[in-house]
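Chain residues, written in single-letter form:
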Amino acid sequence: MTDGSMTEDNVAHGGAAAGSAPVAAPDGAARHEVTTKAASIAWRRRRAALARFWREYRRHRGGVVGLIILAATAVIALAAPVITDPDGLDVTKATGGVLDPPNREFLLGTDEQGRSVLLLAVWGARISLLVGVTATLLAMVIGTLVGIAAGHFSGWLSAALMRITDWFLVLPRLVLAIALAAVLGPSLLTIIIAIGLTSWPGTARVIRAQTLAVEARPYLERARALGAGHWHQMTRHVLPNVMPLVLASTTLEVASAILSEATLSFLGLGDPSRISWGTMLSRAYGSGAVTAGSWWYLLTPGVAILLVVLSFTLCGRALEAVLNPRLRGR
Amino acid sequence: MLTVRDLRVTYHSGRTAVPAVRGVDLDVAAGQRLGIAGESGCGKSTLASALLRLLPPGTEVSGEILLDGEDVLTMSFGRLRAVRWAGASIVFQGAMHALNPVHRIGRQIAEPLLLHRTVPPARVQARVEELLAQVGLPAWRANSYPHELSGGQRQRVMIAMALACEPRLVIADEATTALDVMIQAQVLELITRLTTERGIALVMISHDLSVLSSTCDRVAVMYAGRIVEEGPAREVFTSPAHPYAAALAAAFPTVGDEASRLRPRGLGGDPPDPAHLPPGCPFQPRCERAVARCASTDVRLRPAGAGRHAACVHVDEEVAA
Amino acid sequence: MAKYLATKLGAVTFSLLMVLFSAFFLFRLLGGDPVQNLTRGREVTPEQKAALRRELGLDRPLYEQFLSYLKDTLSGDLGTSFEYDQPVTELIAERFWPTVLLTGTATLLAVTLGLWLGTRAGWRRGSLFDRSQVSLALTLWSAPTFWLGMIMIMLFAVMLPMFPTGGMVNPRVAPGLLNEVLDVAHHLVLPVLTMTAVVYAQYLLVMRSSVLDELGNDYLVTARAKGLRDDLVRRRHAVPNALLPTVTLVFLHLGGIIGGAITVETVFSWPGLGYLAYEALRAPDLPVLQGTFLVFSAAVVIANTAADIIYRFLDPRVRAA
């Protein structure tokens, strides 16, 4: 089964902590003390589980390398306004020559408007990562909600949700994304929505399957017998057990989303005023950098995408291996 | 025709070494039937796999396995592949997964025939039908897939397949364990009859000592990677010398024998973890008759009567007595 | 079997209807006022717009529009291109075969390469070959397809002018069938290499997974015990079983291939449906966009159904059910 021992532990004790030990305490203070103790036990267990998880994760070299690259990229992207001069992005203030190869002043050369490719890549990271993460979050939220609901409730609601999910799954992802982006008009939000709306069905399906598996377990029956309502069941019991799967799935989805963003931007569906790695490549293509042999302009955003996507993929695979022992050794 | 000397098999998983077989000696004459009894984890299946060098790569094997005089463990690969199935074959347990789900039965039986060229290709089809008939299956079954057969039928296919190349030895590894009692009896009868008819030696592995005692000539009881008792099958079953063999025999009441049903049964504790064996006799933590010596001496097989051996300190006194 | 196919046919029809409805929803409802789109950038009076609206039937209620849209589409009328002033169906017919040539060749290559390498890698899990293949596959999978295409152009068409930078034919090629075929082949090399590089990785990883799943199965031990050589065990026993889920996935991945086709055709100016879609995006040419959307989606629906049916044929266990 996919759940690590940590989640069942958490649920069992989280539930206990939330429910509070039925102590016949004479005063509120003593009861509060008991609740706090129970809560702190739960926390300690969570920390121990996390430590165990990290120890296991560390054994996957790929996952560790991926994590390092992602951390570095995130830091650079977030710190961009601080460590670089955004003026260099302004076309009117560009000082370099057109499509200059790397030299001492411009470490990675210049683009067709004289701007530093290195600078563009650093700022492009912000948009690419933003879109990738946001779109995936959108997809994950929708997918998890639909998946858990479809798995938890039976009857017409579940059937309807699955019909809708299947509808989306029938259409090829990129084609649908292009169509959506085309009709919604070029902008950052469009891309986020297009990617988000085309990615959630895959997740929903998997989560629904996992929800059904979780719901069959005895402790959920017990929770129901004790009077737990739908919301409580879904958030306190199903969600924590489904979360690990969601986490691994999310990581892999971000990889996919960044690739999709690059593709959609390249096709001209992104916001032309924003710089992302995809728009850089689009401009490289459009300005004839390819035929001019301006390899720095082509390689920089491409290698950046490759490294980040690969890192997310490696992390995702490592997560899957840790959370699902059956997959170890892949 | 089968002689095993000081066989040791150690698995390596990660950094732990797990000694599954710790020095086993066996002798099986042509046409003889030897039973190997024991619970899961005692090493009997490892022993069976080792006989044809079917252990996973990275497993440490030492000792001698002489099949008609040739040492299996030092054979060249080419010789080994020739000896496999044609010299000795195996009937596996749970033929559900031991048969390839996407090949028809006939093809799977014919495969070793064609490989070892036991019969000319033109005769293969006829031979397959012959084999199926011998195990009581109709010839048209050759066109079926494994999932279309019942458990008993699949086991019979395994037997037919094992006999295909007319081996000198058949190893039956828990061949009847997963079957219903009635089918089990049928399959057992089949195995014993066919091997006797052809003078094929049989090594039968099971956890059911009563079954072994009625089908085999001799039986060896394994525990924690070693043989703890061996001798004529009937005798070992009715008057076991080793406490573990006694417990094992008691666990399976003989049908129709009132006395056996009333005997005290059951054994406390769990089989030892092969990676962390207790000092001295491995059975000592669970043994009713354990004494101080048992935990300090490495108890080996010693004579316990005519043609019998047992690895228990009490045997010395009983024999002397 | 007939009942199964009938059910599948029904499902396909339903899915295709869903595709039609999605297209209508996307392009007619979300796409904004078609008249606005048509007259973008042109000097049009309100009366002309109103006349156009009546002409296009846009003043009728929505469901009527949908019905006439259905009727038109099913009879092959997909509207007229804004840009080319040609019937969309004609445009699609023109660009259809180049896309099939490109994606077909690339898929064939990718499947062959991916399955072969994936089997080898899975069989020798953990070996240098395995690890290097997986690393390479993961890296190629992580690269945007169109970027690889641009790199190919820069390396092999600009820096080392071995191949053309784009297009499918050289207008100045000498006449004659052989010359024309070689010319197209020459133009085909880089785009096919690009698509194959990304797609084969997916198949490799999937096939490797399948083989790994099969590795633990007993029937492989049986095969080895029969005396089969390692590569025969792999080819005859493991691979047919591992292929089953892989075949399905190959078909299901067609959606991804289409996405790749759009970007690769764009980068190489390959005159296929993908490039047509790109041109329609830039214009914007809504009828063509809608038409290509329909064609792509329908292709994927049909491929998914084909996957189910083929799997049924291949797996004897499912066939019986």
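Quick caveat, the model's predicted, so the values are computed rather than measured.

### Some points on the overall build of chain C
- The secondary structure content of chain C amounts to 14 helices and zero strands.
- If you line up chain C on its principal axes, its C-alpha atoms span 85 × 55 × 40 Å.
- The 321 residues of chain C split such that 41% are buried.
- Sequence separation of at least 24 residues holds for 71% of the intrachain contacts in chain C that already meet a minimum separation of 6.

### Here we look at the interface of chain C and chain B
- Across the contact, 17 residues belong to chain C and 22 residues belong to chain B.
- For the side of chain C that touches chain B, the elements supplying multiple residues, two or more each, are helix H9 (218–225), helix H10 (230–252) and helix H14 (316–320) of chain C.
- The biggest single contributor to the side of chain C that touches chain B is H9 of chain C, with six residues.
- Of the residues that constitute the side of chain C that touches chain B, the class distribution is seven nonpolar, five polar and five charged.

### Digging into the arrangement of the chains
- Contacts are most numerous between chains A and C, considering all two pairs of chains that are in contact.
- Contact between chain A and chain B is absent, and the least distance between their C-alpha atoms amounts to 12 Å.

### Overview of the sheet that holds strand E4 (residues 60–67) of chain B
- An order of E2-E1-E4-E5 (chain B) is seen for the four strands of this open sheet, with the pairing classed as antiparallel. Two strands lie at the open edges of the sheet, namely strand E2 (16–28) and strand E5 (70–71) of chain B, each paired on one side alone.

### Considerations on the interface of chain C and chain A
- With 40 residues of chain C at the contact, the number on the chain A side is 35 residues.
- Listed by contribution, the elements that provide at least two residues to the side of chain C that touches chain A are helix H1 (2–30), helix H6 (128–142), helix H7 (145–159), helix H8 (177–215), helix H11 (254–268), helix H12 (273–282) and helix H13 (286–314) of chain C.
- By residue number, the principal contributor to the side of chain C that touches chain A is H7 of chain C, which donates eight residues.
- The residue makeup of the side of chain C that touches chain A, split by class, is 27 nonpolar, 11 polar and two charged.

### Considering the sheet that holds strand E12 (residues 309–310) of chain B
All names here are of chain B.
- Spatially, the eight strands line up as an open sheet ordered E6-E7-E8-E3-E9-E10-E12-E11, and their pairing is mixed. Only two strands of the sheet have a single neighbouring strand rather than two, namely strand E6 (88–91) and strand E11 (302–303).
- As judged from the five bridges shared by strand E7 (residues 169–173) and strand E8 (residues 201–206), these two strands associate in the parallel manner. Its bridge partner being in E8, Ala172 is matched across the sheet by Met204.
- The strands that helix H6 (residues 151–163) touches are E6 and E7; relative to E6, the one it contacts most, it runs at about 175°.

### With respect to the environment of Ile142 of chain A
- Within the secondary structure, Ile142 of chain A sits in helix H4 (residues 117–152).
- Between the C-alpha atom of Ile142 of chain A and that of Pro244 of chain A, which follows or precedes it by 102 residues, the distance is 17 Å.

### A look at the nonpolar core
- If you look at the biggest cluster of nonpolar residues, it comprises 252 residues, and the most contacted ones within it are Ile178 and Ala179 of chain A, Ala160, Val221 and Val228 of chain B together with Leu289 of chain C.
- With 17 residues, helix H12 (residues 295–323) of chain A is the single largest residue contributor to this core.
- Apart from residues lying up to four places away in sequence, Ala160 of chain B is in contact with Ile109, Leu131, Leu132, Gln134 and Val135 of chain B.

### Topic: the domain arrangement of chain A
Residues and elements named next belong to chain A.
- Domain annotation of chain A identifies domain 1 (24–58) and domain 2 (63–327).
- Across the contact, four residues belong to domain 1 and four residues belong to domain 2.
- When its residues are assigned to classes, the side of domain 1 that touches domain 2 shows two nonpolar, no polar and two charged.

### Considering unusual backbone geometry
All names here are of chain B.
- The phi angle at Asp68 is positive, at roughly 50°, despite the residue not being glycine.
- You can call Asp68 partly exposed: it has 13 C-beta atoms within 10 Å.
- Positioned with a positive phi, Trp85 is a non-glycine residue whose angle comes to about 75°.
- You can see Trp85 is positioned in the loop between helix H2 (77–83) and E6.
- The exposure class assigned to Trp85 is buried, which follows from the 26 C-beta atoms found within 10 Å.

### Details of the packing of H4 of chain A against helix H7 (residues 188–215) of chain A
Residue and element names in this part refer to chain A.
- Following both chains from N to C, one finds H4 and H7 inclined at 35°, their axes separated by 5 Å at the closest point. At the point where H4 passes H7, the crossing takes the right-handed sense.
- A per-class count over the contact of H4 with H7 returns 17 nonpolar, 11 polar and two charged.

### Observations regarding the environment of Thr292 of chain C
Residues and elements named next belong to chain C.
- For Thr292, the location among the structural elements is in helix H13.
- For the pair Thr292 and Gly122, spaced 170 residues apart in sequence, the C-alpha separation works out to 39 Å.
- The contact partners of Thr292, leaving out residues within four places of it in the chain, are Leu273, Leu276, Ala277 and Ala280.

### Digging into the confidence of the model for chain A
- Averaged over chain A, the pLDDT score is 79; the fraction of residues at 70 or greater is 87%.
- When the elements of chain A are averaged for pLDDT, helix H1 (residues 5–19) of chain A gives the smallest value, 38, and H12 of chain A the largest, 90.

### Description of H7 of chain C
- With 15 residues, H7 of chain C ought to run about 21 Å at 1.5 Å a step, and its terminal C-alpha atoms sit 20 Å apart, in line with that.
- Maximum bend of H7 of chain C: about 25°, positioned at Ile153 of chain C.
- Within H7 of chain C the residues assigned to the buried category are Thr145, Phe146, Trp147, Leu148, Gly149, Met150, Met152, Ile153 and Met154 of chain C.
- Elements in contact with the buried residues of H7 of chain C: helix H9 (230–266), helix H10 (277–286), helix H11 (289–292) and H12 of chain A together with H8 and H11 of chain C.

Each value, and the rule that gives it
- Residues numbered from 1 in each chain as written.
- Chains lettered and ligands numbered in written order.
- Predicted model: local features only at pLDDT ≥ 70, side-chain atom pairs only at ≥ 80, totals over all residues.
- Helix = DSSP H or I, 4+ residues; strand = E, 2+ residues; numbered from the N terminus.
- Buried ≥ 20, exposed ≤ 12 C-beta atoms within 10 Å, placed from the backbone.
- Contact = placed C-beta atoms within 7 Å.
- Nonpolar A, V, L, I, M, F, W, Y, C, P; charged D, E, K, R; others polar.
- Pairing = 2+ DSSP bridges.
- Axes fitted to C-alpha atoms, helices over the stretch in contact; angles between N-to-C directions.
- Core = buried A, V, L, I, M, F, W, Y, C linked by C-beta atoms within 7 Å.
- Domains from an automatic or database assignment.
- Left-handed = near helix turned anticlockwise from the far one by under 90°.
- pLDDT = per-residue confidence, 0-100.
- Expected span 1.5 Å × (residues − 1).
- Bend = angle between axes of the 7 residues up to and from the residue.

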